[in-house]
Amino acid sequence: MTPSDKTVLDLDRLRARLKAGQGPMYWKSLEEVAETPEFQAFVDDELSAVRTPDWLDPANRRTFMKLMGASIGLAGLTACTKQPKETIVPYVRQPEEFVPGKPLFYATAMTMGGFGTGLLIESHLGRPTKVEGNPDHPNSLGASDYFHQASVLQLYDPDRSQAVLNRGRISSWIAFQAAMMQERERANLNKGAGVRILTETVVSPTLGAQIKEFLQQLPAAKWHQWDAAGRHGAFAGAQGAFGRPVNPIYQLEQADVIVSLDADFLSCGPGNLRYAQHFANRRRALTNVAQKERSKQDIQEGYQAGPDAPLRNQAASHSEEDTSPSPSLEQAKAAGVPVEQVTLNRLYVVESAPSPTGGMADHRFPMKASEVEGFAWALAAALGVGGQSGTAHKAIPAIAKDLKANAGKCVVIAGDYQPAAVHALAHAMNQSLGAVGKTVVYTEPIDANPVDQIASIKELVGDLNAGKVDTLVMFGGNPVYSAPVDFDFKSALQKAKWRAHLSLYNDETSEFCHWHVPQAHYLESWSDTRAQDGTVTFVQPLIEPLYAGRSAHEIFSALAGQSGKSPHDTVREYWQTQRKDADFEIFWQTSLHDGIVPNTAAAIVNVTAKAPAAPTQNPGQGMEIVLRPDPTVWDGSFSNNGWLQECPKPQTKTTWDNAVWISPATAQQHGVATGDELEVKYQGRMVTGAAWILPGHANDSLTVHFGYGRTRGGRLCDEIGFNAYQLRTSAAPGGGGGVEIRKSGGTHYFASTQHTQTMESREPVRIATLEEFKKTPDFATEKEPDRPVPKYMTLYPDYKYEGYKWGMAIDLNTCVGCSACTIACQAENNIAVVGKAEVGKGRQMQWIRVDRYFKGNIDEPELYYQPVPCMHCENAPCELVCPVAATIHSGEGINQMVYNRCVGTRYCSNNCPYKVRRFNFLSYTDWDTQSYYPLRNPDVTVRSRGVMEKCTYCIQRINAAKIESEKANRRIADGEVVPACAQACPTQAITFGDINDPKSKVAQLKAQVRNYSLLEELNTRPRTTYLARLRNPNPELGGVTA
Amino acid sequence: MAQIFHRGTNTISRVSIFGGVLLIGCIITAAYTIDRGSFNSDVAVVKEQPVAFSHKHHVSDDGIDCRYCHTSVETSHFAGLPATEICMSCHSQIWANANILEPVRASWRTGESLAWTRVHDLPEFVYFNHSIHVNKGIGCASCHGRVDQMPLMFKVNTLYMNWCLDCHRQPEKYVRPKEQVFNMAYQPPANQLEFGRKLVAEYHIQKLTDCYTCHR
């Protein structure tokens, strides 16, 4: 919500306030810093959404009586229902080794953006319900991102295409095959001269082989590829630097210094999960310094109960002079190194719009995307590479010095949307720094046929327009929506005489095709794919196609005269020809089980980078535009996914929208406020979108995301946002200069989750530089007053936790703010989607939110992320106020929420200082759409209207582990219970476990000196605590940026 | 001043006061009786099933163990209902042409599952786990009654929360040796409480009264 939609903020005053230290140190939005009356009123009026009932306004006494009477009557009547009859439907033949009621996990992989990520899919009675990362897979390492998590919702999407269509009328697969074979026979006559195939990036070896076989049979046919969110710049860069396509793989665990040239390698692109984990492994900063005595009580509690409690309690009662090591010190020692030996890697980022990678940067320099090349040239020159001086930047000498000092332990990464020259320069710099073979290795490309996709689709459009195309078959993708706008793919397409489109949705492209065939989801069909390092994974289906979807394999089999051959046989037969294993069956079963095919990583190539000769682009004066895939709906392929639409965008925390991101200074210059509709003119084309002022954005630059403005995407995404593809040309797929903006006069309403709560002037995130940390290891708790309210000041004695004592630690030093936890939690816990209007009222339901804070000045602020789930407070304020005891403490310290007891007073939520409770104001759960039923996790109650809900620490997983351990008469081992958020987290920032076990990872983290509690002064004693963030700025750049 | 009400009105007021109290009492008693009675709880109510399956015959006469059909009772929250294949493992040979078994044969022929009516039906917000109970010495008969004496299946206990809590608060009242779990005819010893306490200690049975034990 933007309370000051109509007020143009006085940014100068705002800057002055921040400079004078008047505003809050950590702020969520510009309005908060400005302390505008509207913002104040909005925050004060926290219950405005509640006070105005949805059904009528205003309610008078009589209506109130009527409604109350009716409710009581209806409530009484509904209480009289008997339980409806329920049936149990057993198998006719139960599969072997199958235990009804226990989920099975299958290894498979999801392909997206030209590489596959290995996943483990949870299946309940044959229904896939949840996606997890495959720890054995090189791209996943056990983690997953929100696209993987939400892919299971896409599987059950009722808007998916459900029938083969011929000119819009329902037809059949058999009729399609017959029509296709006719085309095939006609093509035989002229060796396929008029036949064109359009695919997305193909990494499936089997599909690649099938297409190549097809092209052998019809040598005149052509294969084109177009991936809207493809890595066109990276391809061209490698081609330019090495004269051939190569696939760079970075080994960030070996890198002490990383320079990102507009590369968001932590949150998107190939290997992002692997990179994030390796990056985080260099920032864990575990020390052997424990917390100070006074703030150690959090840990002490855990010691009152254990087997040798008297001894420990004695130790705890000793004075600080006592030299006997306290338990927390022992734990800390076990976990880490002396504080002087703590090292962190260092990340420099230059980018136009803030990204999760930029948020992790120790030095972030906002600059226009077109200025990055100049920066790269200058950095290269400082390193003695390339012949151009580039654009001088104040930071370059220091960065170059840092890189040189860490030669062989550093890496320069160019962003996918940067032009070829930047990539080539990055490759050349890495080579001169001795990084090749250490922090970066080059392998053969993993694509079946690496091509310049822009040239590829350009050629196709040329042929279409020239009338050379008789038959066009498109496999996936949505080129009418996503192809470069200057190609006018829509009209070109209609010049092909016979057009067929295989896709998940009956979308913009299907509309203009003679034939539309529903595509099988990756969870429904057999295939194979490759990880970024080339490792192959067999894609195995979890369920029969829900809507009789077909895969590309089936169409190519039919074209090869093998109609009816199953994709399983196709993939298996292909691999039979590829492998010389003594026993193919063992190879096949082992690879399926493990989710990776051994020894299939792409071969490492020895290449020498050639620096480009001359700059390829000049940073233009004036405004420029940057075009990127949307953070949550990607290139539009996830537009109809409610989880992703409602997932707050990591940078702006807006939902259900795309926006024109603009920097505060540029907005000020043009008199633009957040929410103002802007007409953006670029190369003679125009789109209208609403502005969002984003601190930290480069000046004179706009960032817009494609993936919105759909017209045939499904019920959720049509007519929301604007279509940024309308500005995307083949010459500049990442955007370019010469943009004009004009206020259209209209305003747009954004549903943002960031204003609904405010931390006033508290310090929710705590930060120190590495140097400060070494001087004051306890900086996180140092400023806390000496316990104004001592914990023991209570009428009741402390509860003794004799069994387990669950707790969570969240390491802000490694959290990249990617929001995978939010969607993983949504998938695991059957959390409903509420829609834009409800989000606007602060009624979003996600149990774990990722707060984003800015610090410092509004033009170049630091960015911090903080995931906030339920804190499971020891002194939980919510528990005290529930009139029906629907939220109470468990014997293991979990703050329980009992849905069947809850009567919906919402007192608990009002009394929660962390605002982590979520209320079902309306019946958000979709009870009508049958296809969502199999999606839901059967181990978690599906909530309906009038019930409060919140994070349960994934109690269903705790209970499952507890039952298994109890059956075996043992304790739950550390790491046996992993909540959904922690399991998805790419950087393992979230750790969960038993605090009663001093050896558990979570107990060791909580013993760390950086450990602190959110709002500690309220004496809520949260079970979820945070490890403070450390930054590692270059001392030589001390004054350069905040 | 003349009296407004006739003397006889006193009777009416007495009747209405006592009658009112009585009426409220009756309503409460009626509601409680209905709630606790088998109208609401379905205790002792036989439900229609696709096949008139007799546990008495299969358990008592044939001596088949519970786990022959309820295969996952020791490992899963769901005890498991026999797949048609399990029925057919015997009934392809014996009673192979009995009319009563036609639905089973039809299921085997067509591949369509039999749809049994649930007799022990817990609300959707309750997560009961068979395996942990069976593994901690709670006998089948403790909850399901003497199934071996039931020609047709019915519920003997309400499965209300207070009924569950009775045992969750004092497991020693009902726990039995693990090897007796599937013994339908097991008789608790005279000193059950003392014996039960010993078993509770031996099996590490906790008094699980946290809400999250069953609700989540």
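Residues numbered from 1 in each chain as written. Chains lettered and ligands numbered in written order. Predicted model: local features only at pLDDT ≥ 70, side-chain atom pairs only at ≥ 80, totals over all residues.

Points about the overall build of chain B
Link 1 in the chain: Along chain B, the regular secondary structure elements total 10 helices and one strand.
Link 2 in the chain: From first element to last, N terminus to C terminus, chain B shows the α and β order α-α-α-α-α-α-β-α-α-α-α.
Link 3 in the chain: Over its C-alpha trace chain B gives a radius of gyration of 25 Å, far above what one expects of a compact globule, namely 17 Å for 216 residues.
Link 4 in the chain: Seen along its three principal axes, the alpha-carbon backbone of chain B occupies a region of about 95 × 50 × 35 Å.
Link 5 in the chain: Split into buried and exposed, the 216 residues of chain B put 23% on the buried side.
Link 6 in the chain: Nonlocal contacts in chain B, meaning residues at least 24 apart in sequence, comprise 71% of its contacts between residues at least 6 apart. (Helix = DSSP H or I, 4+ residues; strand = E, 2+ residues; numbered from the N terminus. Rg over C-alpha atoms; globule rule 2.2 N^0.38 Å. Buried ≥ 20, exposed ≤ 12 C-beta atoms within 10 Å, placed from the backbone. Contact = placed C-beta atoms within 7 Å.)

Overview of the overall build of chain A
Link 1 in the chain: Within chain A, the regular secondary structure consists of 34 helices and 40 strands.
Link 2 in the chain: Counting over 1042 residues, chain A shows a buried share of 57%.
Link 3 in the chain: Excluding contacts between residues fewer than 6 apart, the proportion of contacts in chain A whose partners are at least 24 apart in sequence is 75%.

Points about the interface of chain A and chain B
Link 1 in the chain: If you look at the interface, chain A gives 35 residues, while chain B gives 36 residues.
Link 2 in the chain: Every element with two or more residues in the side of chain A that touches chain B is listed here: strand 2 (87-88) and helix 32 (955-967) of chain A.
Link 3 in the chain: With six residues, helix 32 of chain A is the single largest residue contributor to the side of chain A that touches chain B.
Link 4 in the chain: Within the side of chain A that touches chain B, the residues separate by chemical class into 14 nonpolar, 13 polar and eight charged.
Link 5 in the chain: Relative to strand 1 (residues 116-117) of chain B, strand 2 of chain A runs antiparallel, the two sharing two bridges. Paired with I88 of chain A across the bridge in strand 1 of chain B is W116 of chain B. (Nonpolar A, V, L, I, M, F, W, Y, C, P; charged D, E, K, R; others polar. Pairing = 2+ DSSP bridges.)

A look at the packing of helix 5 (residues 84-91) of chain B against helix 6 (residues 102-110) of chain B
All names here are of chain B.
Link 1 in the chain: Running from amino to carboxyl end, helix 5 crosses helix 6 at an angle of 115°, the nearest separation of the two axes being 10 Å. Crossing hand, helix 5 versus helix 6: left-handed. Counted together, T84, C87, M88 and H91 of helix 5 and V104, S107 and W108 of helix 6 form the full contact between these two elements.
Link 2 in the chain: Split into classes, the residues belonging to the contact of helix 5 with helix 6 amount to four nonpolar, three polar and no charged. (Axes fitted to C-alpha atoms, helices over the stretch in contact; angles between N-to-C directions. Left-handed = near helix turned anticlockwise from the far one by under 90°.)

Observations concerning the packing of helix 6 (residues 146-155) of chain A against helix 28 (residues 820-828) of chain A
All names here are of chain A.
Link 1 in the chain: Where helix 6 contacts helix 28, the axes come no closer than 8 Å and their chain directions differ by 25°. If you check the angle between helix 6 and helix 28, you find them roughly parallel. Every pair of crossing elements has a handedness; the one defined by helix 6 and helix 28 is left-handed. Residues Y146, Q149, A150 and V152 of helix 6 touch helix 28, and the partners they reach there are A820, I823, A824 and A827. (Parallel < 35°, antiparallel > 145°, perpendicular 65-115°, else oblique.)

Quick notes on the nonpolar core
Link 1 in the chain: With 273 residues, the main nonpolar core has L261, L425 and V660 of chain A as its most contacted residues.
Link 2 in the chain: Setting aside its immediate chain neighbours within four residues, L261 of chain A contacts V350, V372, A376, V412, I413, A414, G415, Q418, V422 and A426 of chain A.
Link 3 in the chain: Core analysis: the second largest hydrophobic core is formed by 11 residues, F78, A79, V175 and V181 of chain B among them. (Core = buried A, V, L, I, M, F, W, Y, C linked by C-beta atoms within 7 Å.)

What to know about the environment of V259 of chain A
Residue and element names in this part refer to chain A.
Link 1 in the chain: If you trace the backbone, V259 turns up in strand 11 (residues 257-261).
Link 2 in the chain: Considered as a pair, V259 and A414 are 155 residues apart in the sequence and their alpha carbons are 8.5 Å apart.
Link 3 in the chain: Setting aside residues no more than four positions away along its own chain, V259 makes contact with Y348, I399, L403 and V412.

Some words on the pairing of strand 30 (residues 806-811) of chain A
Residue and element names in this part refer to chain A.
Link 1 in the chain: For strand 30, the tally of buried residues reaches six of six residues, placing the bulk of the element in the interior.
Link 2 in the chain: Alternating residues of strand 30 divide into W806, M808 and I810 and G807, A809 and D811, and every residue in both groups is buried.
Link 3 in the chain: Inspection of the sheet shows strand 30 paired to strand 37 (residues 990-994) by five bridges, in the antiparallel sense. Among the inter-strand pairings, M808 is bridged to a residue of strand 37, identified as F992.
Link 4 in the chain: Summarising the sheet, strand 30 and strand 39 (residues 1024-1027) pair through four bridges and their orientation is parallel.

Description of the confidence of the model for chain A
Residues and elements named next belong to chain A.
Link 1 in the chain: Here chain A averages 86 in pLDDT, while 90% of its residues score no lower than 70.
Link 2 in the chain: Here residues 1-6 scores under 50 on pLDDT; set against residues more than four positions off or in separate chains, the count is 23 contacts.
Link 3 in the chain: Contacts from residues 293-325, a stretch scored under 50 in pLDDT, to residues over four places away or in other chains number 44 contacts. (pLDDT = per-residue confidence, 0-100.)

So, the environment of T209 of chain B
All names here are of chain B.
Link 1 in the chain: Looking at where T209 falls in the secondary structure, it is placed in the segment after helix 10 (192-202).
Link 2 in the chain: On a C-alpha basis, the gap between T209 and H168 in space is 6.3 Å, while along the polypeptide they are 41 residues apart.
Link 3 in the chain: Residues in contact with T209, not counting those within four places in the same chain, are L165, H168 and R169.

Comments concerning the sheet that holds strand 37 of chain A
Link 1 in the chain: Read from one edge of the open sheet, four strands run 37-30-39-38 (chain A), paired in mixed fashion. Each having just a single partner strand, strand 37 and strand 38 (1011-1012) of chain A make up the two edges of the open sheet.

Considering the sheet that holds strand 11 of chain A
Residue and element names in this part refer to chain A.
Link 1 in the chain: Strand order in this open sheet of four strands is 13-12-11-14, and the pairing throughout is parallel. Either end of the sheet is taken by a strand with one partner, and the two such strands are strand 13 (363-366) and strand 14 (410-414). If you compare each strand with its neighbour and ignore which way they point, the axes differ by 10° on average.
Link 2 in the chain: Here strand 11 pairs with strand 12 (residues 346-351) via five bridges, running parallel. Bridge pairing in strand 12 links V259 to Y348.
Link 3 in the chain: Across the sheet, helix 17 (residues 420-432) lies against strand 11 and strand 14, angled at about 170° from strand 14, the strand it touches most.

Observations concerning helix 21 (residues 552-559) of chain A
Residues and elements named next belong to chain A.
Link 1 in the chain: Of all the eight residues making up helix 21, seven are buried; the element is thus mostly covered by neighbouring parts of the structure.
Link 2 in the chain: What helix 21 keeps buried is the set A552, H553, E554, I555, F556, A558 and L559.
Link 3 in the chain: Among the structural elements, helix 7 (173-189), helix 8 (205-217), strand 16 (471-475), strand 17 (498-503), strand 19 (527-530) and helix 22 (567-578) are those in contact with the buried residues of helix 21.
Link 4 in the chain: G561 sits one or two positions beyond helix 21 and adopts a positive phi of about 80°.

With respect to helix 16 (residues 396-405) of chain A
Residues spaced three or four apart along an α-helix point in a common direction, a consequence of the helix completing one turn every 3.6 residues.
All names here are of chain A.
Link 1 in the chain: Within the span of helix 16, buried status applies to I399, A400, D402 and L403. Taken end-on, helix 16 shows its buried residues confined to a sector of 160°, consistent with a single buried face.
Link 2 in the chain: Close packing links the buried residues of helix 16 with strand 11, strand 12, helix 15 (371-382) and strand 14. (Arc of directions from axis to C-beta.)

A word on the environment of T905 of chain A
Link 1 in the chain: Of note, T905 of chain A is situated in the loop between strand 34 (895-897) and helix 31 (907-911).
Link 2 in the chain: A count of 16 C-beta atoms within 10 Å places T905 of chain A in the partly exposed class.

Regarding unusual backbone geometry
Residue and element names in this part refer to chain A.
Link 1 in the chain: Despite not being glycine, L1015 has its phi angle at roughly 50°, a positive value.
Link 2 in the chain: Take L1015: there are 16 C-beta atoms within 10 Å of it, and that puts it in the partly exposed class.
Link 3 in the chain: Look at N1019: it is not a glycine, yet its phi comes out positive at around 60°.

Things to note about the pairing of strand 11 of chain A
Residue and element names in this part refer to chain A.
Link 1 in the chain: A large share of strand 11 lies buried, amounting to five of its five residues.
Link 2 in the chain: Burial of the side chains of strand 11 extends over both faces: V257, V259 and L261 are buried on one face and I258 and S260 on the other.
Link 3 in the chain: As defined by bridge partners, strand 11 adjoins strand 14 across five bridges and the pair is classed as parallel. In the strand pairing of strand 14, V257 is matched with C410.

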